[in-house]
Amino acid sequence: MAESDRSPLKRFVVAKKKISTIFDQLLEYITEGADFVEGTYRNTELEQIATEQQALVIRGYTKKLGVISEVLARNHMKVAFFGRTSNGKSSVVNAMLWDRVLPSGIGHTTNCFLSVEGTDGDKAYLMTEGSDEKKSVKTVNQLAHALHMDEELDAGCLVRVFWPKTKCALLRDDLVLVDSPGTDVTTKLDSWIDKFCLDADVFVLVANSESTLMNTEKHFFHKVNERLSKPNIFILNNRWDASASEPEYMEDVRKQHTDRCINFLVDELKVVEREQALNRIFFVSAKEVLNSRMQRAQGMPEAGGALSEGFEARLQEFQCFERTFEECISQSAVKTKFEQHTIRAKQITETVKGIMDDINIQAADKRINSLKERDDKVDQLDYVRSQLGLLTEDIKGKIKAVTEEVETKVSSAMTDEICRLSGLVDEFYSDFHPSPQVLELYKNALHKHIEEGMGRSLADRCSNAVNASVQNSQQNMIENLKPLLPSSVQCQLHMLIPCRKFDLSYDLNFSSLCTDFQENIEFRFSLGWTSLVNRFLGPKNAHRALLLMESSAQIPRRLATTPSAPNIHALTQENVSQEEIMFSIGTGLASLTSKSSMTVVIVTGVVWRTIGWRLIAASFSLYGLLYLYEKLTWTTRAKERAFKQQFVDYATKKLQMVVRFTSANCSHQVQQEMATTFARLCQQVDLTQKNLSEEISRLTMKIDQLDAVQHHSKTLRHKATGLETELDSFIKQYLQPQQ
């Protein structure tokens, strides 16, 4: 056991465990890298950071590494024994295993390929090719019997023999020994090589030292050499115990066999150098070694029994073969089984590391560009906000100036139009009649005529100038706010804020304004009592005086000094409210009336006596003729002229009252129009600010993602570097030639 623990075969076991651990770590790393690259590729915010090809490449590596890991788990050292029938191949295997594991004896005992490998169980079993059934095998005889009884087995089949590791130390170190039928029993050598030899680490040619190397044996290994690059070949000249019977020829025969073997290995196969060839040629007796080892296992002396002379030398040479074989197969198996996988692993880590470098560089470039873009957006947003505040105050001032200008212009124009109202009324022609129905229609038509006429005149005088001023102001607004908008919006600004003609609405509402107009087209004699009072006191005071006189005429004179309460209440509300004024006017009129009556009587008497009744009669006749003339000339047309004059006087007063209101209304319309345009522009600016804020937030999120990508790619790159270091250490320790 101690010897087996120090066996060079342990090197393969340790190397296999280490490389398997590295590949497990590499598979985990590649899986993480594949998820990272695929996630980065599918992230729409991180376009062109990782490509689909990179994601597919790394994802493909996961499948390849999975297959390699499975292969590594199944890999083992393999040694194949070949030679002619009855040369003792099975005996050599049994001697190396310290037990009769394979059937051996005189004649053709091995009729197919047999592989012997260890099992952790305590029972031996075999499995035939194409079947998963485990056939129990307790003894070698049972094994031989089972093989011979299976008619389906031919020379090209493989029977796997699983022997408990507890019974054989050699099988504990992932070593598989393959025994073969004689190379002289079949011509299907090519299929043998393809099926059993391509993964073999060492070949052992078991020759019969009682004869020489035969062409069948040489031919087989020539074919092996064609398929494999410099295979490791050992030549065992078995049954060397026969030389003990002829000791005088022993050295000559040994030299002859040695020269022929060296010539075969060096000159024909060219698999080793001449100075190394001696280490590949041994002279042994497998049967002796097997018997001595089995005796030792049973507690008996190794040299006991009938052993030929020189056994110790042959035993030592067999042990030398085993040591050399173990060193060779250990180094060869590590190299053949792990070298290509290690190189492939380094290529994978190098490729993935390059991908991580590319992603890191792309992420760094994108991050720099995103930072620059975000700073530009922040500066642009600050500029828009500051400029909007300044422009808002400036535009508000301009709107105020324009509205005040419009108010002044409309007020002036409307004042001028009021002065021309008489001419506008005179231009109106329609059927006139004093009847109430016709007068109502006449008034409505006159109202419409005046409203349309004044509106048209105001529009001619103001609208064009106001429209030009408004459009100019709107254009100034657009030009001032245009730099605050993105170029895409600037190109569409004429559609978002269309320039349209602005028309002022001069809504005079003339019908409502003059709805309480009351015309007076009854006949009034110019020298009549009412007319004279009007001329003396004025229209307003004359009207009040006449009302007072009518009221006084209805009161009896005997009660004049003591008016009763009901009579006082009979006065109109207007008289009561202006009692003192009416009292003074009434007193003056009463005094005037009484004096006039006395004066008329006196003057009439004086005139009568002075000029006579004729002149008085002529005066009254002239007065009557004048009355008659005025009465006759009071026609419908005269009534219409009086109506128009009364209407002009009334409308003038009313319009003068609404001049300020109308001009304020027009200025308000202008203010609304300009404010609407400015609000639309501000809406576009607000939308621009919103878009800038959203873009800044998006860029900030993108920068954070790019930071995460950079950090993750660097971490994965460092992991790749660590794996490369482990692979380099493995190569240095197990694959490079030891100094």
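On a predicted model such as this, the values are computed, not experimentally measured, just so you know.

Residue placement: Thr403 occurs in helix H11 (residues 311-419). Taking the relative accessible area as the measure of exposure, Thr403 reaches 8% and is therefore buried. Apart from residues lying up to four places away in sequence, Thr403 is in contact with Ser667, Val670 and Gln671.

In this structure the tally under the stated criterion is three cavities of 30 Å³ or more. Its volume calculated, the second largest cavity comes out at about 50 Å³. In terms of lining residues, the second largest cavity is bounded by Ala207, Asn208, Ser211, Thr212, Leu213, Asn237, His257, Arg260 and Cys261. At the level of elements, strand S7 (202-208) and helix H8 (250-269) are the ones that each hand at least two residues to the lining of the second largest cavity. In terms of residue count, the dominant contributor to the lining of the second largest cavity is H8 (three residues). For the lining of the second largest cavity, a count of residues per class yields three nonpolar, five polar and one charged.

Our next topic: the sheet that holds strand S6 (residues 175-179). Here we have nine strands laid out as an open sheet, ordered S4-S3-S5-S2-S6-S1-S7-S8-S9, and mixed in their pairing. Each having just a single partner strand, strand S4 (135-136) and strand S9 (281-283) make up the two edges of the open sheet. Across four bridges, the pairing between strand S3 (residues 125-128) and strand S5 (residues 158-164) is antiparallel. From the neighbouring strand, Tyr125 faces S5, where its bridge partner is Phe162.

Okay, helix H7 (residues 215-227) next. With 13 residues, H7 extends 18 Å between its outermost C-alpha atoms, agreeing within 8% with the 18 Å of an ideal straight helix rising 1.5 Å per residue. Listed in full, the buried residues belonging to H7 are Glu217, Lys218, Phe220, Phe221 and Val224. Seen from one end, H7 has its buried residues packed into an arc of 160 degrees, which puts them on one side. Facing away from the buried side of H7 by more than 90 degrees, the exposed set consists of Asn215 and Glu226.

This paragraph deals with a nonpolar patch on the surface. A surface patch of nonpolar side chains, about 320 Å² in accessible area, is lined by Leu625, Leu628 and Leu632. Note that Leu628 resides in helix H22 (residues 613-633). By relative accessible area, Leu628 is classed as partly exposed at 43%.

A few words on the packing of aromatic side chains. Tallying each qualifying case throughout the model produces 21 aromatic pairs. Relative to Phe338, the ring of Phe12 has its centre 5.2 Å away and its plane inclined at 15 degrees; by these criteria the two rings are stacked. Of this pair, Phe12 sits in helix H2 (residues 9-42) while Phe338 is found in helix H11, placing the two residues 326 residues apart along the sequence. Taken individually, Phe12 and Phe338 each receive the classification buried, so the pair is uniform in this respect. Ring geometry for Phe428 versus Tyr442: centroids 5.1 Å apart, planes at 75 degrees, classification edge-to-face. One end of the pair, Phe428, is in the loop between helix H12 (421-426) and helix H13 (436-481); the other, Tyr442, is in helix H13, and 14 residues separate them in sequence.

Here the focus is the packing of helix H3 (residues 52-74) against H11. Across the interface, H3 lies against H11 with an axial gap of 11 Å and an inter-helix angle of 160 degrees. Accordingly, the angle class assigned to the pair H3 and H11 is roughly antiparallel. In this structure, H3 crosses over H11, and the sense of that crossing is left-handed. Taking contact as the criterion, the partners of Gln54, Val57, Ile58, Tyr61, Lys64, Leu65, Ile68, Val71 and Leu72 in H3 are, on H11, Lys337, Phe338, His341, Arg344, Ile348, Thr351, Val352, Ile355, Met356, Asp358 and Ile359. For the contact of H3 with H11, the class distribution of residues is 13 nonpolar, three polar and four charged.

Cut-offs used in this document
Residues numbered from 1 in each chain as written. Predicted model: local features only at pLDDT ≥ 70, side-chain atom pairs only at ≥ 80, totals over all residues. Heavy atoms only, no water. Helix = DSSP H or I, 4+ residues; strand = E, 2+ residues; numbered from the N terminus. Buried < 20%, exposed > 50% of the residue type's maximum accessible area, 1.4 Å probe, protein only. Contact = heavy atoms within 4.5 Å. 1 Å grid on protein atoms, 1.4 Å probe; cavity = no way out; pocket = protein on both sides within 12 Å on 5 of 7 lines; lining within 4 Å. Points joined across faces, edges and corners; volume = space filled by probe spheres on them. Nonpolar A, V, L, I, M, F, W, Y, C, P; charged D, E, K, R; others polar. Pairing = 2+ DSSP bridges. Expected span 1.5 Å × (residues − 1). Arc of directions from axis to C-beta. Patch = residues over 30% accessible without salt bridge, like charges linked within 9 Å, V, L, I, M, F, W, Y side chains within 5 Å. Areas by Shrake-Rupley, 256 points an atom, 1.4 Å probe, with all protein chains shown as cover. Salt bridge = Lys/Arg side-chain N within 4 Å of Asp/Glu carboxyl O. Phe/Tyr/Trp six-rings, centres within 6.5 Å; stacked < 30°, edge-to-face > 60°. Axes fitted to C-alpha atoms, helices over the stretch in contact; angles between N-to-C directions. Parallel < 35°, antiparallel > 145°, perpendicular 65-115°, else oblique. Left-handed = near helix turned anticlockwise from the far one by under 90°.

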